[in-house]
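# Structural overview
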Amino acid sequence: MFAENTQKFNIQNFYWQTTLIFVQLYTVSMDILILGSGGREHALAWKMKQSPLCGKLYIAPGNAGTALVGTNVPIGVNEFEAQKQFCLQHNINMVVVGPEEPLVKGVYDFYTGDNALQHIVVIGPSGYGAQLEGSKAFSKKFMQRHNIPTAAYAEFDATNFEEGKHYIANHTLPVVLKADGLAAGKGVVIATTHQQALQVFEEMIVNRQFGDASSRVVVEQFLDGIEVSVFVLTNTKEYKIIGHAKDYKRIGVGDTGLNTGGMGCVSPVPFAQGAFMEKVERTIIQPTINGLLAENIVYNGFVFFGLINVQGEPMVIEYNCRMGDPETEVVLPLLKNDIVDLFLAVHEGRLNKTDILFDSRTCATVVAVSGGYPGLYEKGYVIEGLNGNGDGENSITFHAGTQLVNGNVVTNGGRVLAVSSFGNTITEAAASSKAVLEGISFNGMYFRHDIGYEFVPPSV
Ligand code: AMP
Ligand code: GLY
């Protein structure tokens, strides 16, 4: 009797211990490296640090904001060899790539192709997949192959330059010219006269305005409508929509002046729901993900669908192979899921088993920029008023171009801060962000007061 009990106990104990080992193995925390240094990476770090699966968190190179959440590492996003040494020394289990440049340069292939790094979960597409953003001509051809609605276009280089001039001269106005490669967000020109279009065309191809990036140019039809960006996580066999947002790209009030990286964002966008979003999923997202799979394109990361609503019809303006900035600063605060678990779900192929949960509130972010941005601006100004600001229940201050110098947070880029706030309406959320920014100051600080302006109810 006694012996039987002991045996039973031991067997139970054995099962219990084995289960515990499995639970521990599964929930063991991951030491994670994020690549990047903007508001997007601060938002990613902030969100990832909330996960019980997140162990040590490193950001390379990071900013003064990411240093509040994890440990900054002085390694550049394109310094793959230095990253390798760091990952090996610190037993990194996961690498999350923020910006497009390392992705287009093949950071995913670098990690997955190296025996010593192969065990690391990398969130981002292969270099070939990143061509969706890295080459406008590649992405237009991909859309054509998969019947994805986008503007009509033609592509030209030095070999058919004269033909291109003729094409432009006969094109309806406005006409859109796009440098094929990465051009730091400056490679798109919407020309309103043929003369301007021809000048830009020559500047790009003959004078190589953006170097190799503009040796090929996509000339496309202008689409008129409201833009919205939709964000998807995928491993090509499965996908989940993790949010959407509208970005305010122009520097000036009322969408005037020069293009920037983004002066603010709102989410959700009132028209991006119901029948419109069903169309987006059916005519754009599904064919894109199916296309990646059909073409054996390795892609374990974010797809940023830059869309335009042309009289109720969604069309693709661009793909990006990463999250947006400042879109991330509104999408992640509204996402209720554990993001590290979502990344593991991408890797393990269990996205379909994961429900995405959203906060029911609205989120708006307002970006404070350096005086002169997007043109020339000075760096190194001390930012006052950060302490105690924006970290309440309603607002979060994400850092973009900031740096810690002798204990002071100083400006270190064009876009300096992105203050995100929750609200019941877009107006309320944007008002909270502006109120936080009113309490912050640095030499030359500027922000738009009208983020979300077109969604203000008429009675307000
Ligand atoms: P892209 O780099 O392709 O995202 O282009 C930058 C911005 O230019 C977009 O966010 C749009 O505001 C605008 N744009 C690009 N292509 C078009 C188009 N075909 N029609 C109208 N606007 C466009
Ligand atoms: N805010 C636009 C982008 O991230 O490309």
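Just so it is clear, the model here is predicted, and its values are computed rather than measured.

Basis of the calculations
Every residue gets a number counted from 1 within its own chain, in the order that chain's sequence is written. Lettering for chains starts from A, numbering for ligands starts from 1, and both go in the order in which the items are written. The predicted origin of the model limits local features to residues at a pLDDT of at least 70 and limits the giving and counting of side-chain atom pairs to 80 or more, whereas totals for whole chains, interfaces and linings rest on all residues. For side-chain calculations, the full set of non-hydrogen atoms in the structure is used, while hydrogens and water are omitted. Take the buried Ala, Val, Leu, Ile, Met, Phe, Trp, Tyr and Cys residues and link them wherever side-chain atoms come within 4.5 Å; each set so joined is a nonpolar core. Categorising residues by exposure relies on relative accessible area from a 1.4 Å probe, with only protein chains included: less than 20% of the type maximum marks a residue as buried, more than 50% marks it as exposed, and the intermediate range marks it as partly exposed. Helix and strand definitions here come from DSSP, where helices need a minimum of 4 consecutive H or I residues and strands a minimum of 2 consecutive E residues; each element is numbered from the N-terminal end. Only heavy atoms enter the contact rule, under which two residues are in contact if any of them lie within 4.5 Å. A cutoff of 4 Å decides nearness: a residue is near a molecule or strand if any of its heavy atoms lies inside that distance of it. Polar contact criterion, stated in full: a pair of N or O atoms within 3.5 Å, where within protein one must be able to donate a hydrogen and the other to accept it, and residues adjacent in sequence count only if both atoms are side-chain atoms. In this classification, Asp, Glu, Lys and Arg are treated as charged, Ala, Val, Leu, Ile, Met, Phe, Trp, Tyr, Cys and Pro as nonpolar, and every other residue, Gly included, as polar. Every axis corresponds to a line fitted to the C-alpha atoms, with the helix fit spanning only the stretch in contact, and the corresponding angles, defined between N-to-C directions, vary from 0 to 180 degrees. Should an angle lie under 35 degrees it is considered roughly parallel, over 145 roughly antiparallel, and from 65 to 115 roughly perpendicular; all remaining angles are considered oblique. The sense of a crossing depends on the near helix, which, turned anticlockwise from the far helix by less than a right angle, makes the crossing left-handed and, turned clockwise, makes it right-handed. Every case where a carboxyl oxygen of Asp or Glu lies within 4 Å of a side-chain nitrogen of Lys or Arg is listed as a salt bridge. Patch membership requires over 30% relative accessible area and the absence of a salt bridge. Like charges are linked within 9 Å, and nonpolar side chains (Val, Leu, Ile, Met, Phe, Trp, Tyr) within 5 Å. Accessibility throughout is a Shrake-Rupley quantity obtained with a 1.4 Å probe, and a residue counts as covered only by protein chains that appear here. In predicted models, pLDDT denotes the confidence assigned by the predictor to each residue on a 0 to 100 scale. Helices are assigned an expected span. That span is 1.5 Å times one less than the residue count. Relevant arc is that of directions from the helix axis to the C-beta atoms, nothing else. Pairing between strands requires that DSSP locate at least two bridges from one strand to the other.

### Digging into the nonpolar core
Ranked by size, the top nonpolar core spans 73 residues in total, and within it Leu33, Val95, Tyr111, Ile285 and Phe305 carry the most contacts. For this core, the leading source of residues is helix H11 (residues 274-294), giving seven residues. In contact with Val95, other than residues within four places in its own chain, are Leu33, Leu35, Cys87, Tyr111, Ile120, Val121, Val122 and Ile123. Judged by nonpolar contacts, the second largest core, of 39 residues, contains Ile34, Leu233, Phe302 and Met323.

### Quick word on the site of ligand 2
The full set of residues close to ligand 2 is Asp247, Gly261, Phe304, Asn320, Arg322, Gly324, Asp325, Pro326 and Glu327. Glu327 is positioned such that a nitrogen or oxygen atom in its side chain is 2.9 Å from a nitrogen atom of ligand 2. For the shell around ligand 2, a count of residues per class yields two nonpolar, three polar and four charged.

### Topic: the packing of helix H9 (residues 161-169) against helix H10 (residues 194-205)
Relative to each other, H9 and H10 sit at 155°, their axes nearing to 9 Å. Relative to H10, the element H9 lies roughly antiparallel. Handedness of the crossing formed by H9 with H10: right-handed. Across the interface between the two elements, Phe161, Gly164, Lys165, Ile168 and Ala169 of H9 pack against His194, Ala197, Leu198, Phe201, Glu202 and Ile205 of H10. By residue class, the composition of the contact of H9 with H10 is seven nonpolar, two polar and two charged.

### Points about the pattern of salt bridges
Counted according to the given criterion, the structure contains 22 salt bridges. Lys249 is the partner of Glu227 in a salt bridge, and the nearest nitrogen-oxygen pair spans 3.7 Å. Taken together, the positions of Glu227 in strand E10 (residues 226-234) and Lys249 in the loop between strand E11 (239-247) and strand E12 (250-252) put the pair 22 residues apart, joining distant regions of the chain. For Glu227, a relative accessible area of 37% puts it in the partly exposed group.

### Topic: the environment of Arg250
As for its placement among the helices and strands, Arg250 is situated in strand E12. On a C-alpha basis, the gap between Arg250 and Gly261 in space is 8.5 Å, while along the polypeptide they are eleven residues apart. Here the side chain of Arg250 touches Gly257 through a polar contact of 2.8 Å, landing on its backbone oxygen.

### Topic: a nonpolar patch on the surface
Judged by side-chain polarity, Val188, Ile190 and Phe222 come together as a nonpolar surface patch covering roughly 220 Å² of accessible area. Mapped onto the elements of the fold, Phe222 is located in the loop between strand E9 (216-221) and E10.

### With respect to the site of ligand 1
Around ligand 1 sit 13 residues in total, of which Glu220, Gln221, Leu223, Glu227 and Glu318 are the nearest. Take Lys136: an N or O atom from its side chain is 3.1 Å from an oxygen atom of ligand 1. One of the side-chain nitrogen or oxygen atoms of Lys178 is found 3.0 Å away from a nitrogen atom of ligand 1. Contributions of two or more residues to the shell around ligand 1 are made by strand E7 (175-179), strand E8 (188-191), E9 and strand E16 (313-320). Of the residues that constitute the shell around ligand 1, the class distribution is six nonpolar, one polar and six charged.

### What to know about the confidence of the model for the protein chain
When pLDDT is averaged along the protein chain, the result is 92; 92% of the residues meet or exceed 70. Counting interchain partners and residues more than four positions distant, the pLDDT-below-50 stretch residues 1-7 has zero contacts.

### Looking at H10
Along its twelve residues, H10 runs 16 Å from first to last C-alpha, staying within 8% of the 16 Å computed at 1.5 Å per residue. The set of residues buried in H10 consists of Ala197, Val200, Phe201, Met204 and Ile205. Viewed along the axis of H10, the buried residues span an arc of 115°, placing them on a single side of the element. In H10, the exposed positions angled more than 90 degrees off the buried face are occupied by Gln195 and Gln199. Here the buried face of H10 lies against strand E6 (153-157), H9, E7, E8 and E9.

### Side note on the sheet that holds E8
Strands sit in the order E6-E9-E7-E8 across an open sheet of four strands; the sheet is antiparallel. Two strands lie at the open edges of the sheet, namely E6 and E8, each paired on one side alone. Each neighbouring strand pair of the sheet contributes to a mean axis angle of 20°, computed without reference to strand direction. Pairing analysis gives four bridges linking E7 to E8, with the strands arranged antiparallel. Paired with Leu177 across the strands is Val189, a residue of E8.

### Thoughts on helix H13 (residues 339-348)
Burial analysis of H13 places eight of its ten residues in the buried class, the great majority of the element. Buried residues of H13: Ile339, Val340, Asp341, Leu342, Phe343, Leu344, Ala345 and Val346, and no others. A side-chain oxygen of the first residue of H13 lies 2.9 Å from the backbone nitrogen of Val340; this N-cap is Asp338. Directly beyond the C-terminal end of H13, a positive phi value near 75° is found at Gly349.

### Concerning the pairing of E10
Counted residue by residue, E10 has seven buried out of nine residues, so it is predominantly covered. Alignment of E10 against E11, held across six bridges, turns out to be antiparallel. Paired with Val230 across the bridge in E11 is His244. Hairpin remark: E10 followed by E11, antiparallel, with four residues in the connecting loop; positive phi at Thr236, about 80°.

### Focus on the packing of helix H2 (residues 39-49) against H13
Running from amino to carboxyl end, H2 crosses H13 at an angle of 95°, the nearest separation of the two axes being 7 Å. Taken together, the axis directions place H2 and H13 in an arrangement best described as roughly perpendicular. Residues Leu44, Lys47 and Met48 of H2 form the contact with H13, whose participating residues are Ile339, Val340 and Phe343. For the contact of H2 with H13, the residue count by class is five nonpolar, no polar and one charged.

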